[in-house]
Amino acid sequence: MTYVVTVTMAPAKGAPELDPLQREGVIFLLRKGFDSLEAVEGPDGMEIELMDDVIAAHPGGALLKLFVDAPALEFAEDAAREVVAELLERTEPLADWQITRCAVELNSALLQESLDAADGPDAPPADPAERARRHAAAEPAPAHGRLDRAEVEAMRTRLRTLAPALRAFPLDTFGYRDDEDEDKDGTEAEPTVPREAAEIAAGALVFAIDLLVDELFTDLAGLEEDGPTVAESDATFMLLDDLPQQYADEYTVLFARRLTVTAVTLTARLTQPRFTGPHCMAEELLLRVLLTQAEVTADLYDLLTDEVTTAFETFTETLDEDPAHDPLDDAPPGVENWFTPYDAESPVHPYATNDDEDSLQGR
């Protein structure tokens, strides 16, 4: 079965906090390392499959969520610890980093499923209490938890502080109703989500704007060095790799520049009083990426509660977005069409719509 292994790591004790640029560098190095993995070997040569991963960095270190397909919980944890330790050892800038925690978080039903799946002489005991005792005896307690409570609370405060910057969308678009709101029949409206949940979701979107733009600049630099297209490059890209890969041979340096300019204009409109929706296909795709990054941010900092999830879902409905619908299904082929305005009332930045490739390349 698939286990979600949470791995936290930190630089050597006494090291200064990571600034935003250093955090982006850590994410890039870890992403490059994981993308280079061909297979993960578990105990006794057992092959463990790494299905997916999520990487985030904070001032005190990094947080990973590894989705591991393994026969039992212990095998997933052991394989994750070994692969991360090896990755740190062979990544020179991270060689002095230490794993501070590596654990699977499971509810009791999934834990029992794991126990039932394990077999053979090395299988863990069926009694969860005995299983926990052996774990405690086998390895020392971690020096730090998944995330220090102070870090979680600091991010909670930061996101709530950022929320008012999303001027285009008041908190009611995330499902919050204040005491003065009334339903259409004149009765007092019941809050869909608490104010804090709406503020966390709104603030996470603002926080994700920096991530989105920074990742595009990083990808642009990588493509300029290792291009000419994503399909022909051996580099690892932070955002371009997440775009539909059937068009990877069209993701050129010029495309990345146009996409970056489009991202800047789109996210700027989110901080203005009125948002008129995506103006072109590229903006629609970028908005979906932004929403995903916002949810991942909340999740990585243990803030993605049921109420915050509802806030994100309500916001998505406000945008008239259908998560199951792929906007590319209705689009003509070719990424050059992604920057075509939907209508005369939906302007797109002139750089993105300029058809004169020679002038855009500075010729």
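Residues numbered from 1 in each chain as written. Predicted model: local features only at pLDDT ≥ 70, side-chain atom pairs only at ≥ 80, totals over all residues. Heavy atoms only, no water.

Enquirer: Can you explain helix α8 (residues 281–300)? Please cite residues and give values.
Expert: Between its first and last C-alpha atoms α8 spans 29 Å; for 20 residues at 1.5 Å apiece the expected length is 28 Å, and the two agree. A large share of α8 lies buried, amounting to 15 of its 20 residues. (Helix = DSSP H or I, 4+ residues; strand = E, 2+ residues; numbered from the N terminus. Expected span 1.5 Å × (residues − 1). Buried < 20%, exposed > 50% of the residue type's maximum accessible area, 1.4 Å probe, protein only.)

Enquirer: Hey, could you go over the packing of aromatic side chains for me, with residue numbers and the actual values?
Expert: A complete count under the given rule lists eight aromatic pairs for this structure. Between tyrosine 251 and phenylalanine 255, the ring centres sit 4.8 Å apart and the planes meet at 20 degrees, which makes this aromatic pair stacked. Per residue, the accessibility class of tyrosine 251 equals that of phenylalanine 255, and both read buried. Residues phenylalanine 255 and tryptophan 338 carry aromatic rings whose centres are separated by 5.8 Å and whose planes lie at 70 degrees to one another, so their mutual orientation is edge-to-face. Residue phenylalanine 255 is found in helix α7 (residues 253–270), and its partner tryptophan 338 is found in the loop between α9 (306–318) and α10 (350–353); the two are separated by 83 residues along the sequence. This pair shows no difference in class: phenylalanine 255 is buried, exactly as tryptophan 338 is. Among the aromatic residues, ring-to-ring pairing joins Tyr247, Tyr251, Phe255, Trp338 and Phe339 into one connected group. (Phe/Tyr/Trp six-rings, centres within 6.5 Å; stacked < 30°, edge-to-face > 60°.)

Enquirer: How would you summarise a negative patch on the surface if you had to cite specific residues and measurements?
Expert: Among the surface-exposed residues, Asp78, Glu82, Glu86 and Glu89 lie close enough to one another that they form a single negatively charged patch. Structurally, glutamate 82 can be placed in helix α2 (residues 73–90). (Patch = residues over 30% accessible without salt bridge, like charges linked within 9 Å, V, L, I, M, F, W, Y side chains within 5 Å. Areas by Shrake-Rupley, 256 points an atom, 1.4 Å probe, with all protein chains shown as cover. Salt bridge = Lys/Arg side-chain N within 4 Å of Asp/Glu carboxyl O. Lys, Arg positive; Asp, Glu negative; His and termini not counted. Charge placed at Lys NZ, Arg CZ, Asp CG, Glu CD.)

Enquirer: Tell me what's going on with the nonpolar core, and back it up with residues and numbers.
Expert: Phe169, Phe174, Leu240, Tyr251, Phe255, Leu259 and Trp338 are the most contacted members of the largest nonpolar core, which totals 70 residues. Those elements that provide at least two residues to this core are α5 (149–162), α6 (195–226), α7, α8 and α9. Among the elements that make up this core, the one with the highest residue count is α6 (16 residues). With residues up to four places along the chain from it excluded, the contact list for leucine 259 reads Leu216, Leu239, Leu240, Leu243, Ala282, Leu286 and Phe339. Residues Ala57, Ala79, Val84 and Leu87 belong to the second largest nonpolar core, which totals 33 residues. (Core = buried A, V, L, I, M, F, W, Y, C linked by side-chain atoms within 4.5 Å. Contact = heavy atoms within 4.5 Å.)

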